[in-house]
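# Fold and geometry: a report
Read off the chains here:
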Amino acid sequence: QVQLVESGGGLVQPGGSLRLSCAASRNIFSFNLMGWYRQGAGKERELVVTITSGGTRNYADSVKGRFTISRDTAKDTVYLQMNSLKPEDAAVYYCYARAGISTEYWGQGTQVTVSS
């Protein structure tokens, strides 16, 4: 059973930064796609960013220039560095991984609150 465990969420003031981590229970190169989604209160889950096994990144327009996805293959961990946070970034952030064509995995989510 694949597990994705997120950490790093919390409360931050507008303009602040947070780094989320997603630790996978197996080699992250076994996934052809990984990334982050988020779901704000009363909203649908939306894409934040994905990264392919080859390293191609796809950012949502709303986070371009502020968020950065990276990975540490030695730790089987994917990170999301979030800078210049805005109140509208507040959400539960979910780690995502896809193996093969349609096998998907989700983490349990980590709450990010942006408030002064």
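Before any of the text, the structure's been laid out above.
Residues numbered from 1 in each chain as written. Predicted model: local features only at pLDDT ≥ 70, side-chain atom pairs only at ≥ 80, totals over all residues. Heavy atoms only, no water.

Summed over the entire model, instances satisfying the criterion amount to one disulfide. Note on cysteine connectivity: cysteine 22 is disulfide-linked to cysteine 95, with sulfurs 2.0 Å apart. One quick way to see it: the torsion about the S-S bond of cysteine 22 and cysteine 95 is about -80°, and its sign makes the bridge left-handed. With cysteine 22 in strand β3 (residues 18-24) and cysteine 95 in strand β9 (residues 91-99), this pair connects stretches of sequence that are 73 residues apart. In this structure cysteine 22 comes out as buried when scored by relative accessible area, which is 0%. (Disulfide = S-S within 2.5 Å. Helix = DSSP H or I, 4+ residues; strand = E, 2+ residues; numbered from the N terminus. Buried < 20%, exposed > 50% of the residue type's maximum accessible area, 1.4 Å probe, protein only.)

Evaluation of the coordinates by the stated rule reveals four salt bridges. In this structure, the salt-bridge partner of aspartate 89 is arginine 38, at a minimum N-O distance of 3.0 Å. Of this pair, aspartate 89 sits in the loop between β8 (77-82) and β9 while arginine 38 sits in strand β4 (residues 33-39), placing them 51 residues apart in sequence. The burial state of aspartate 89 is the same as that of arginine 38; both residues are buried. In this structure, aspartate 61 and lysine 64 form a salt bridge, with 3.1 Å as the shortest nitrogen-oxygen distance. Using a relative accessible area of 49% as the deciding quantity, one classes lysine 64 as partly exposed. A single network of salt bridges, built from pairs that share partners, joins Arg38, Glu46, Arg66 and Asp89. (Salt bridge = Lys/Arg side-chain N within 4 Å of Asp/Glu carboxyl O.)

The next thing to look at is the nonpolar core. Among the nonpolar cores identified, the biggest contains 31 residues, and Phe31, Met34, Trp36, Leu80, Met82 and Tyr93 are the most heavily contacted of them. Broken down by secondary-structure element, the contributors of at least two residues to this core are β3, β4, β5 (46-52), β7 (67-72), β8, β9 and β11 (110-114). With five residues, β9 is the largest single contributor of residues to this core. In contact with methionine 34, not counting residues within four places along its chain, are Leu4, Cys22, Ile28, Val49, Thr50, Ile51, Val78, Cys95, Tyr96 and Ala97. (Core = buried A, V, L, I, M, F, W, Y, C linked by side-chain atoms within 4.5 Å. Contact = heavy atoms within 4.5 Å.)

Along β3, five of the seven residues are buried, which leaves the element largely enclosed by surrounding structure. Bridge count between strand β1 (residues 4-7) and β3: four bridges; the pairing is antiparallel. Bridge pairing in β3 places leucine 4 opposite alanine 24. Here β3 runs beside β8; their pairing, made up of six bridges, is antiparallel. Looking at β8, one finds that arginine 19 is bridged to glutamine 81. (Pairing = 2+ DSSP bridges.)

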